[in-house]
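A look at the structure
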Amino acid sequence: MALLGQFIDGQHEAGRGDRIDILNPADGSIVATLGEATPEDVDVAVAAARRAFPAWAGATPGERSGALMAMADRMEARADEYARVESAQTGKPIKLTTEFDVPGSIDNVRFFAGAARILTGMASAEYDGTHTSSIRREPIGVVGSIAPWNYPLQMAMWKVLPAVAAGNTIVLKPAELTPLTSLMVAEDAAAAGIPAGVINVLTGPGRTVGEALISHPDVAMVSFTGSTPVGRRVMELATGTVKRVHLELGGKAPFVVFDDADLDAAANGAVAGALINTGQDCTAATRAYVQRPHLEAFVEKVAAIMDTVRLGDPSDPSTDQGPLISMRQRDSVDGYVQQAVAAGATVVCGGVLPGGDLAEGSYYPPTLVVGAAQDSQIVQEELFGPVLVVLPFDSDDEGIALANDVRFGLAASAWTTNTFRAQRASREIAAGCVWINDHIPIVSEMPHGGYKASGFGKDMSLYSLEEYTNIKHVSADITGEVRKDWHRTIFGDR
């Protein structure tokens with residue numbers, strides 16, 4: 001894998017910055033050594049994207065679709081390599097990258113290959129009787145995108161695909177901890193026939209490379225996925241050149257279990273929803289609100305399932321949960337748990353740093369916490385780890401109110417066998433996605449995005465094309481009259 005650190009104007013580049021090591025969080029070993037980009041590299045990449053824009057924007061939808069379909073074929077042929085590299089740079093279990101990250105990403109490519117040919121708008125018509133009105137969807141220009149480290153491949157796809165399907169060109173900055181699969185994507189895109197300069201990738205830190213990209217005067221739009229505090233900084237920088245901004249930010253998803261729920265299904269769903277990607281997921285189930293009659297049984301069932309989860313080497317197909325992304329992240333998660341305990345909460349299982357061979361990596365065990373206060377940090381803040389907090393509620397009104405009682409609104413789930421409760425929860429919980437009797441599944445055809453401090457704008461689906469296009473109204477006179485009837489309001493009489 002001959003990756004140099006940057007992919008600019010159709011070829012790999014070393015970058016003008018320092019050398020950085022990409023580490024495997026499972027044991028600290030070096031996966032790859034790359035060159036970092038600098039603001040000068042940002043200028044070069046943006047210039048390449050700007051040069052490529054007129055021709056790519058002018059390509060037919062069928063041409064863009066064909067190139068994306070060829071890209072999907074190339075990625076599918078390298079699916080095993082993508083899975084191994086994604087696992088190595090993130091610490092994800094190989095079964096997660098093989099069965100979730102990689103096939104989901106390839107499906108995204110195929111979806112947007114089709115979506116490139118379906119740009120929606122109102123029907124052309126004579127809405128005022130004297131003009132034919134029609135809608136054009138036009139690409140915006142150069143898009144600067146910043147993707148996170150928790151789903152490097154999938155988030156790269158969510159950034160790149162709707163942008164280029166709509167005719168834009170892109171400069172993508174993946175997280176500096178996990179750039180490898182994004183560079184592979186750019187390589188496969190070029191080999192599939194997507195022209196040089198359409199997809200560019202820069203590796204480097206947010207404070208230099210990211211901020212230079214966001215602030216660049218030739219970047220017309222910024223798309224960012226990451227934490228809410230950094231999202232605020234992105235908005236501040238974008239105001240300088242009045243860019244369009246698309247933000248997918250943090251989450252603190254509630255998991256509401258009503259007293260008529262299938263408790264075994266809810267317990268299994270809670271463990272899966274809380275522990276996916278070692279809890280490093282903005283949509284992960286982090287706050288389980290359980291109607292009081294079910295509380296004790298739910299806690300017992302969840303703890304029993306968590307005790308079966310196998311921590312270990314991410315490359316072992318039997319491993320259920322790998323390490324967190326870094327020792328720093330592990331210590332941050334543990335800090336939230338210990339702070340909650342100090343404030344009176346109880347750890348039912350987990351909450352202790354593992355020893356032995358696992359101590360060499362940034363592992364943290366599945367952890368279940370009860371007795372925390374609703375206003376505590378472990379309930380209110382996104383901690384990004386394998387920790388589930390369980391709290392009780394009495395009435396349905398209280399359960400929904402507690403679910404909404406955080407600043408985030410990315411995802412949620414409700415567990416009930418009552419149709420009316422399900423409808424009410426889906427209607428009243430303030431989140432961009434509300435699952436009923438499940439938590440986590442996503443599909444390319446449906447949008448992903450948040451409410452409140454979880455940001456705005458949509459990834460995936462046809463809705464995401466609206467983020468990456470300008471809508472133009474074209475109005476053509478059909479009368480041929482020299483003096484229009486409405487002119488009398490400006491000069492003369494009827």
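That block above? That's the structure.
Because the structure is a prediction, the values reported are computed rather than measured. (Residues numbered from 1 in each chain as written. Predicted model: local features only at pLDDT ≥ 70, side-chain atom pairs only at ≥ 80, totals over all residues. Heavy atoms only, no water.)

**Brief notes about the sheet that holds strand S18 (residues 433-436)**
Strand order in this open sheet of seven strands is S13-S14-S15-S12-S11-S17-S18, and the pairing throughout is mixed. Looking along the sheet, the strands with just one partner apiece sit at the ends: strand S13 (346-349) and S18. If you compare each strand with its neighbour and ignore which way they point, the axes differ by 25° on average. Pairing analysis gives three bridges linking S13 to strand S14 (residues 367-370), with the strands arranged antiparallel. Counterpart to Cys 349 in the pairing with S14 is Leu 368. Contacts from helix H9 (residues 263-275) reach strand S11 (253-257), strand S12 (285-291), strand S15 (387-393) and strand S17 (411-415), with the element oriented near 170° to S11. Against the sheet, helix H10 (residues 295-306) makes contact with S11, S12, S13, S14 and S15, and its axis sits at roughly 170° relative to S15, the strand it touches most. (Pairing = 2+ DSSP bridges. Helix = DSSP H or I, 4+ residues; strand = E, 2+ residues; numbered from the N terminus. Axes fitted to C-alpha atoms, helices over the stretch in contact; angles between N-to-C directions. Contact = heavy atoms within 4.5 Å.)

**Here we look at the environment of Pro 61**
Tracing the backbone shows Pro 61 in helix H2 (residues 61-77). Distance from Pro 61 to Ala 166, taken between C-alpha atoms, is 8.2 Å for residues 105 residues apart in sequence. When sequence neighbours within four positions are dropped, the list of residues in contact with Pro 61 reads Ala 116 and Arg 117.

**Remarks on the nonpolar core**
One finds Met 71, Met 75, Ile 194 and Ile 199 to be the most contacted residues of the largest nonpolar core, which totals 61 residues. Ranked by the residues each element gives to this core, the list is headed by helix H5 (residues 152-165), at ten residues. Ignoring any residue separated from it by four or fewer positions in sequence, one finds Ile 199 in contact with Phe 7, Val 160, Val 164, Ile 170, Ala 186, Ala 189 and Ile 194. If you look at the next biggest cluster of nonpolar residues, it comprises 27 residues, including Ala 345, Val 379, Leu 402 and Ala 425. (Core = buried A, V, L, I, M, F, W, Y, C linked by side-chain atoms within 4.5 Å. Buried < 20%, exposed > 50% of the residue type's maximum accessible area, 1.4 Å probe, protein only.)

**Concerning the pattern of salt bridges**
Under the defined criterion, the tally for this structure stands at 29 salt bridges. The salt bridge involving Glu 466 is made with Arg 137; its shortest N-O contact spans 3.9 Å. With Glu 466 in helix H15 (residues 463-467) and Arg 137 in strand S5 (residues 131-139), this residue pair connects regions lying 329 residues apart in the sequence. As a salt-bridge pair, Asp 394 and Arg 292 come within 2.8 Å of each other at their nearest N and O atoms. Separated by 102 residues along the polypeptide, Asp 394 in the loop between S15 and helix H13 (396-403) and Arg 292 in the loop between S12 and H10 bring together distant segments of the chain. According to the relative accessible area criterion, Asp 394 is partly exposed, its value standing at 42%. What emerges from the salt-bridge pattern is a single network uniting Arg 74, Arg 78, Glu 81, Glu 187 and Asp 188. (Salt bridge = Lys/Arg side-chain N within 4 Å of Asp/Glu carboxyl O.)

**Focus on H13**
Every buried residue of H13 is accounted for by Asp 396, Gly 399, Ile 400, Leu 402 and Ala 403. The buried residues of H13 all sit within an arc of 160° when viewed along its axis, so they share a single face. (Arc of directions from axis to C-beta.)

**Concerning the state of the cysteines**
Tallied over the entire structure, the rule returns zero disulfides. Cys 433 forms no disulfide, and the closest cysteine sulfur to it belongs to Cys 282, at a distance of 13 Å. According to the relative accessible area criterion, Cys 433 is partly exposed, its value standing at 21%. (Disulfide = S-S within 2.5 Å.)

**Regarding the environment of Gly 129**
Position of Gly 129 among the secondary structure elements: in the loop between helix H4 (94-115) and S5. Sequence separation between Gly 129 and Thr 479 is 350 residues; the distance between their C-alpha atoms is 9.4 Å.

**Comments concerning the packing of aromatic side chains**
Two aromatic rings, taken as a pair, are described by how far apart their centres are and by the angle between their planes. Counted under the stated rule, the structure contains six aromatic pairs. Ring centres of Trp 149 and Phe 384 lie 5.5 Å apart, and the angle between their planes is 85°; on these two criteria the pair is classed as edge-to-face. A residue pair is termed long-range when its members are at least 10 positions apart, and Trp 149 in the loop between strand S6 (142-146) and H5 and Phe 384 in the loop between helix H12 (377-380) and S15 qualify at 235 residues. Judged by relative accessible area, Phe 384 falls into the buried class, the value being 14%. Among the aromatic residues, those joined into a cluster by ring pairs are Phe 255, Phe 298 and Trp 415. (Phe/Tyr/Trp six-rings, centres within 6.5 Å; stacked < 30°, edge-to-face > 60°.)

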